[in-house]
Amino acid sequence: MPTIAVFRFPGGRYHAPPWSRAGTVELPPSPWRLLREFHAVWRTRAPELGEETVHPLLARLAEPPTVHVPWHTVVGGVAVFDRDAELALRWPFELDPAQHAALERLVSSIPYLGQADNACSGSLSTGWEPGSHDTWVPVDVAESVSAAPTTTVLAPELPLRFGALLNPPVEVRRGGLPFPAGTHLVPYQRRPREEMVTAVRYRVSQTVLPPQTESLIYTDLLHRGALSKLGVLRAHRAHTLLGGRRADGKTMEGHHHAHYLPLITGRRVSGLVVWVPGELPADE
């Protein structure tokens, strides 16, 4: 199952200027901002959490999440939401129990997201679904970007450099750097909710359909073909639902990874389905 953090804004406002653009608001919030928030709240409000738990957790959360942004208008560089509107972050992996408990502690301890006037409350959720939300997904720079709206936000380079999280913005700017060391810009693309995919279906177009006894051959070929299409993506993001592997290369736990299944008609393979219960990330 994916990991979902939900933030509610009782004041109905979100004020968070991007790193290099004044007079506007950073939506979706950048992965770099989120990691700094988690790190700061760990040090100030949850010091009982050990470094041996938090550091691996932050390293996993460095993967840019899908962000569900509630309907809003922007007035003077501030996003105005409905009161108690929910902003959700969705990572396409399941944390182990210790990391899940640590993230729950951090999320619930964040007093504001962005500027100090953005009072919020946060929690983890297993059944949250977007309503009137814009869905923003990270896209690889090598991908072809459609005509859908796109923005760029600041994200950490991988592997995450924990020391860089401690550098105050004023010190970074004083050093003449355009962005903090250990970061880069990542494009995010806005997509409607109906494009969030849990299954992809293929039709076998041979004149004579393969017998059902060859199902395993065809599903294995599809599996190999899907992994071959990841290409250079693997150098940037080892975690893959298509391959059923975590970022550390180990096999995923649970059943939210891709399943390669045959469709049988009259004892012959008429189609193939890639079923991803955990929701297929847009870049895959």
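Another point: the overall build of the protein chain. Helix and strand content of the protein chain: six helices and 13 strands. Counting the 284 residues in the protein chain, one finds 46% classified as buried. Put simply, of all contacts in the protein chain between residues at least 6 apart along the chain, 74% involve residues at least 24 apart. Surface accessibility of the protein chain: about 14,400 Å² in total, with carbon and sulfur atoms responsible for 55%.

A full pass over the atoms with the stated rule returns seven salt bridges. Linking Glu26 and Arg33 is a salt bridge whose minimum nitrogen-to-oxygen distance equals 2.6 Å. The same class applies to Glu26 and to Arg33, which are both buried.

So, on to the confidence of the model for the protein chain. Of the residues in the protein chain, 89% have a pLDDT of 70 or more, and the chain-wide mean is 86. Mean pLDDT across the elements of the protein chain bottoms out in helix H6 (residues 233–236) (53) and peaks in helix H3 (residues 97–109) (97).

Counting 49 residues, the largest nonpolar core has Phe7, Tyr14 and Phe38 as its most contacted members. Of all elements in the fold, only strand E1 (3–9), helix H1 (31–45), helix H2 (51–61), strand E3 (66–70), strand E6 (85–91), H3, strand E9 (150–156) and strand E10 (183–191) reach the threshold of two or more residues within this core. Residue contributions to this core peak at six residues, all from H1. Among residues more than four places away in sequence, those in contact with Phe38 are Leu58, Leu61, Trp91, Leu103, Leu106, Val107 and Ile110.

Look at H1: 21 Å from first C-alpha to last across 15 residues, which is about the 21 Å you get at 1.5 Å a residue. Those residues of H1 that fall on the buried side of the exposure criterion are Pro31, Trp32, Arg33, Leu34, Leu35, Glu37, Phe38, His39, Val41 and Trp42. Buried-residue contacts for H1 involve strand E2 (13–14), H2, E6, H3, E9 and E10.

For the rest of this paragraph, the subject is the pairing of strand E7 (residues 121–125). Two faces belong to every sheet, and in a regular strand the side chains alternate between them. Going residue by residue along E7, you find Gly122 and Leu124 tucked away on one face and Ser121, Ser123 and Ser125 left uncovered on the opposite face. With five bridges joining them, E1 and E7 adopt antiparallel strand pairing. Each residue of the ladder has a partner; that of Arg8, found in E7, is Ser121.

Viewed as axis vectors pointing N to C, H2 and H3 meet at an angle of 85°, and their least axial separation amounts to 10 Å. Between H2 and H3, the angle is such that the two are roughly perpendicular. Residues Thr53, Pro56, Leu57, Arg60 and Leu61 of H2 form the contact with H3, whose participating residues are Ala98, Gln99, Ala102, Leu103 and Leu106. For the contact of H2 with H3, the residue count by class is seven nonpolar, two polar and one charged.

To continue, consider helix H5 (residues 215–228). With 14 residues, H5 ought to run about 20 Å at 1.5 Å a step, and its terminal C-alpha atoms sit 20 Å apart, in line with that. Looking at H5, one finds that the buried residues are Ser215, Tyr218, Thr219, Leu222 and Ala226. Viewed end-on, H5 has its buried residues packed into an arc of 95°, placing them on one side of the element. Every exposed residue of H5 that faces more than 90 degrees away from the buried side is listed here: Leu216, Arg224 and Ser228.

Moving on, we come to the sheet that holds strand E5 (residues 78–80). Strand order across the open sheet formed by three strands is E2-E5-E4, with antiparallel pairing between neighbours. Each having just a single partner strand, E2 and strand E4 (73–75) make up the two edges of the open sheet.

Read from one edge to the other, the open sheet built from seven strands follows the order E7-E1-E6-E3-E8-E10-E9, with strand pairing classed as antiparallel. With partners counted over all chains shown, the strands left at the sheet margins are E7 and E9, one partner each. Strand-to-strand, the axes of this sheet are offset by a mean angle of 25°, without reference to chain direction. H3 rests against E1 and E7 of the sheet, and its axis sits at about 155° to E7.

On to the environment of Pro29. You can see Pro29 is positioned in the loop between E2 and H1. Residues Pro29 and Leu89, 60 residues apart in the sequence, show an inter-C-alpha distance of 9.5 Å. Apart from the residues lying within four places of it in its own chain, the contact partners of Pro29 are Tyr14, Leu34, Val67 and Leu87.

Calculation rules
- Residues numbered from 1 in each chain as written.
- Predicted model: local features only at pLDDT ≥ 70, side-chain atom pairs only at ≥ 80, totals over all residues.
- Heavy atoms only, no water.
- Helix = DSSP H or I, 4+ residues; strand = E, 2+ residues; numbered from the N terminus.
- Buried < 20%, exposed > 50% of the residue type's maximum accessible area, 1.4 Å probe, protein only.
- Contact = heavy atoms within 4.5 Å.
- Areas by Shrake-Rupley, 256 points an atom, 1.4 Å probe, with all protein chains shown as cover.
- Salt bridge = Lys/Arg side-chain N within 4 Å of Asp/Glu carboxyl O.
- pLDDT = per-residue confidence, 0-100.
- Core = buried A, V, L, I, M, F, W, Y, C linked by side-chain atoms within 4.5 Å.
- Expected span 1.5 Å × (residues − 1).
- Pairing = 2+ DSSP bridges.
- Axes fitted to C-alpha atoms, helices over the stretch in contact; angles between N-to-C directions.
- Parallel < 35°, antiparallel > 145°, perpendicular 65-115°, else oblique.
- Nonpolar A, V, L, I, M, F, W, Y, C, P; charged D, E, K, R; others polar.
- Arc of directions from axis to C-beta.

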